[in-house]
Number of protein chains: 2
Amino acid sequence: MTDDPTDLVRLLWGPGPQPRRGPKPALTLDGIARTGTGIADAEGLGAVSMQRVAEQLGKTKMSLYRYLPGKAELIAVMVETAVDDAPEGGEGDWRARLTAWSHGLVETLRRHPWLLEATVGPRLMGPKELGWMERALSALDGTGLTGAERMDAVVLLTSHVRGIALQSRAAAPSSTPEAQILAALGTVLRDHGADYPHLAAATASSVRSGTQGQDQALEFGLDRILDGLEVLIAGRARS
Amino acid sequence: MTDDPTDLVRLLWGPGPQPRRGPKPALTLDGIARTGTGIADAEGLGAVSMQRVAEQLGKTKMSLYRYLPGKAELIAVMVETAVDDAPEGGEGDWRARLTAWSHGLVETLRRHPWLLEATVGPRLMGPKELGWMERALSALDGTGLTGAERMDAVVLLTSHVRGIALQSRAAAPSSTPEAQILAALGTVLRDHGADYPHLAAATASSVRSGTQGQDQALEFGLDRILDGLEVLIAGRARS
DNA sequence: TCTTGTTGTGTACGATAGACACAGTTTCTG
DNA sequence: CAGAAACTGTGTCTATCGTACACAACAAGA
């Protein structure tokens, strides 16, 4: 009766718990997910284990299996918990709305960097996650784009934001492993720079400090994508 | 003497093994990496363990540690092994060259889907991986863009290709877990479609069959990005 | 020849996800 | 109101993982 995927659908979409008999649950799905996100925020997704989550809740790990079928589902509800509500987006034209949308998304990813690792591969999305897609699609109302084109445009924007967030992590406050890697990459480029002239030139001329550079990269890509969309939309309107 | 990051630098960049005393090594770093990629190609990155790799080579798992400091380094050399050589890119204008480059990159990611998971987070890149960046940057020679802008443009393209590859995996031959998820998502959209009108409309009008849809999505985003770059480059040339 | 550094192996440890049976608790039902 | 039924939390167990460590076999320099 407890199908594999159906279980996850119920956890993300289904109604809340409606038990009748038996002791009252001491935990809630939301509390478990919140604890998991707390650990992931502080120490990364790798630090999230059933043990850690359970002992932070004062229970044994096996009790968690009364609420979740397994770890994969824990990550799924953690994602849905960590994702903010999609921002209201009723102001301005499609360009302004998509810009605000992208900024909101990158903000979410910066707050929870582990979302990048947790959301690779095909997976079932929750209400809030789908809400983000819905908002972006609604911004493209009245642009003359087809459904497929709107979808492709949203995917394009999402990919860009993800890419920026991925870079942001590398340039973050540097919890030392990142800094070491950055330093090693610098050494490599110094030693083998001759084999990568364009790369060496580009990095040399782009000595931008941490967060500022990421913001610039975000705006750059955003402007390019939106410019490209504008070309298409303008062409559609003419015909 | 064996620094943590220095070790990985030597594995990816340094000279080959130059031992003197002792028995000749029965394995090679390349052979190990190749075995790992084989497993990852067939059964996913999760199926790659020291045990699996070692027993497929007819050795014990501990012998691998004579060649690699740990699993993280194994994944790193696997990535460098799986990545194809960056394609020669001397033909056509910057637009044609970047188009070919993107197609090549998406092809690589389709051949080795696990590269998506293996390349999240900041990490040290190998010669071939840097070669891809170098090629893309060289395509932007003479466009009047600054170093930082060229870098941002390449990152933008890479993010798009990654996003497409991520989608491609969901629409792949469907090794059943993906198909189940797709079906579950369809069910969810049918049940809650009213809350996501734009999403429902967009998916309904975009019933494209598997691979074809991914190709279209790739081209769509590519055209948008390149159009956007063209706007910028044209503006630069005028001033 | 003897020393020295290297390779492969066996054993061991801690941490992980999860299966399963059992005891305690609450509520529905007869 | 009493018994049954369903549910929760726990303790125990297994398989697998990455990896530390000591040791025997081995090959080349001194």
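Small disclaimer: the values here were computed from a predicted structure and weren't measured.

1. Things to note about the overall build of chain A
If you tally the helices and strands in chain A, you get twelve helices and zero strands. Beginning at the N terminus, the succession of helices and strands in chain A can be written as α-α-α-α-α-α-α-α-α-α-α-α. In terms of principal-axis extent, the alpha carbons of chain A reach across some 65 × 55 × 30 Å. Taking all 239 residues of chain A together, the buried fraction comes to 36%. Summarising the internal contacts of chain A: among those between residues at least 6 apart in sequence, 72% fall at separations of at least 24.

2. Some points on the protein's contact with DNA strand C
Among the 23 residues in the neighbourhood of DNA strand C, the closest are listed as A:Ser49, A:Gly70, A:Lys71, B:Gly22 and B:Ala26. Its residues assigned to classes, the surface near DNA strand C comprises nine nonpolar, seven polar and seven charged.

3. Some remarks on the packing of helix H6 (residues 94–111) of chain A against helix H8 (residues 127–139) of chain A
All names here are of chain A. Interhelical geometry of H6 versus H8 gives an angle of 160° and a closest axis separation of 9 Å. With respect to H8, the element H6 is oriented roughly antiparallel. You can see that H6 and H8 cross each other, and the crossing is left-handed. Every residue of H8 that contacts H6 at Trp-94, Arg-97, Leu-98, Trp-101 and Leu-105 is listed here: Trp-132, Arg-135, Ala-136 and Ala-139. A breakdown of the residues in the contact of H6 with H8 according to their chemical character gives seven nonpolar, no polar and two charged.

4. Observations concerning the relation of the copies chain B and chain A
Of the transformation placing chain B onto chain A, the axial shift is 0.0 Å and the rotation is 180°, giving an RMSD of 0.1 Å. Here the two chains are linked by the operation of a two-fold rotation axis. The position closest to the rotation axis in chain B is occupied by the C-alpha of B:Gly228, lying 2.1 Å away. Same-surface contact between copies: 100% of interface residues of chain B are shared with the interface of chain A.

5. A closer look at the protein's contact with DNA strand D
For DNA strand D, the set of nearby residues contains 23 residues, the closest of which are A:Gly22, A:Ala26, A:Met62, B:Ser49 and B:Gly70. When residues of the surface near DNA strand D are traced back to their parent elements, those giving at least two are helix H4 (61–64) of chain A together with helix H3 (50–56) of chain B. Its residues placed into classes, the surface near DNA strand D shows nine nonpolar, seven polar and seven charged.

6. Topic: the packing of H8(A) against helix H10 (residues 197–205) of chain B
Relative to each other, H8(A) and H10(B) sit at 75°, their axes nearing to 8 Å. Taken together, H8(A) and H10(B) sit at an angle that is classed as roughly perpendicular. Contact with H8(A), carried on its side by A:Leu130, A:Met133, A:Glu134, A:Leu137 and A:Ser138, involves B:His198, B:Leu199 and B:Ala202 of H10(B) and no other residues of that element.

7. As for the interface of chain B and chain A
Between chain B and chain A, the contact holds 62 residues from the first and 62 residues from the second. Elements supplying a minimum of two residues to the side of chain B that touches chain A: helix H1 (4–12), helix H6 (115–118), helix H7 (127–139), helix H8 (147–170), helix H9 (177–192), H10 and helix H11 (210–238) of chain B. With 17 residues, the single largest contributor to the side of chain B that touches chain A is H8(B). The class makeup of the residues in the side of chain B that touches chain A is 31 nonpolar, 18 polar and 13 charged.

8. Structural notes on H7(B)
Here H7(B) is 13 residues long and its end C-alpha atoms lie 18 Å apart, about the 18 Å a rise of 1.5 Å per residue gives. Within H7(B), burial applies to B:Leu130, B:Trp132, B:Met133, B:Glu134, B:Arg135, B:Ala136, B:Leu137, B:Ser138 and B:Ala139.

9. Observations concerning helix H5 (residues 94–111) of chain B
Residues and elements named next belong to chain B. The terminal C-alpha atoms of H5 lie 26 Å apart, and with 18 residues this matches the ideal 26 Å at 1.5 Å per residue to within 8%. Among the residues making up H5, those that are buried are Trp-94, Arg-97, Leu-98, Trp-101, Ser-102, Leu-105, Val-106, Thr-108 and Leu-109. Seen end-on, H5 carries its buried residues on one side only, within an arc spanning 165°.

10. With respect to the confidence of the model for chain A
Low pLDDT means the predicted coordinates in that region are not meant to be read closely. Across chain A, the average pLDDT comes to 91, with 92% of residues at or above 70. Counted against residues more than four places away or in other chains, residues 1–5 of chain A, with its pLDDT under 50, gives four contacts.

11. Quick notes on the environment of A:Arg110
Within the secondary structure, A:Arg110 sits in helix H6. Beyond its immediate sequence surroundings of up to four residues, A:Arg110 is in contact with A:Ala165 and A:Ser168.

12. Remarks on the environment of A:Ala96
Relative to the helices and strands, A:Ala96 is located in helix H6. Taking the C-alpha atoms as reference, A:Ala96 lies 52 Å from A:Pro23; in sequence the two are 73 residues apart.

Rules used in this analysis
- Residues numbered from 1 in each chain as written.
- Chains lettered and ligands numbered in written order.
- Predicted model: local features only at pLDDT ≥ 70, side-chain atom pairs only at ≥ 80, totals over all residues.
- Helix = DSSP H or I, 4+ residues; strand = E, 2+ residues; numbered from the N terminus.
- Buried ≥ 20, exposed ≤ 12 C-beta atoms within 10 Å, placed from the backbone.
- Contact = placed C-beta atoms within 7 Å.
- Near = placed C-beta within 6 Å.
- Nonpolar A, V, L, I, M, F, W, Y, C, P; charged D, E, K, R; others polar.
- Axes fitted to C-alpha atoms, helices over the stretch in contact; angles between N-to-C directions.
- Parallel < 35°, antiparallel > 145°, perpendicular 65-115°, else oblique.
- Left-handed = near helix turned anticlockwise from the far one by under 90°.
- Least-squares fit on C-alpha atoms with pLDDT ≥ 70 in both.
- Expected span 1.5 Å × (residues − 1).
- Arc of directions from axis to C-beta.
- pLDDT = per-residue confidence, 0-100.

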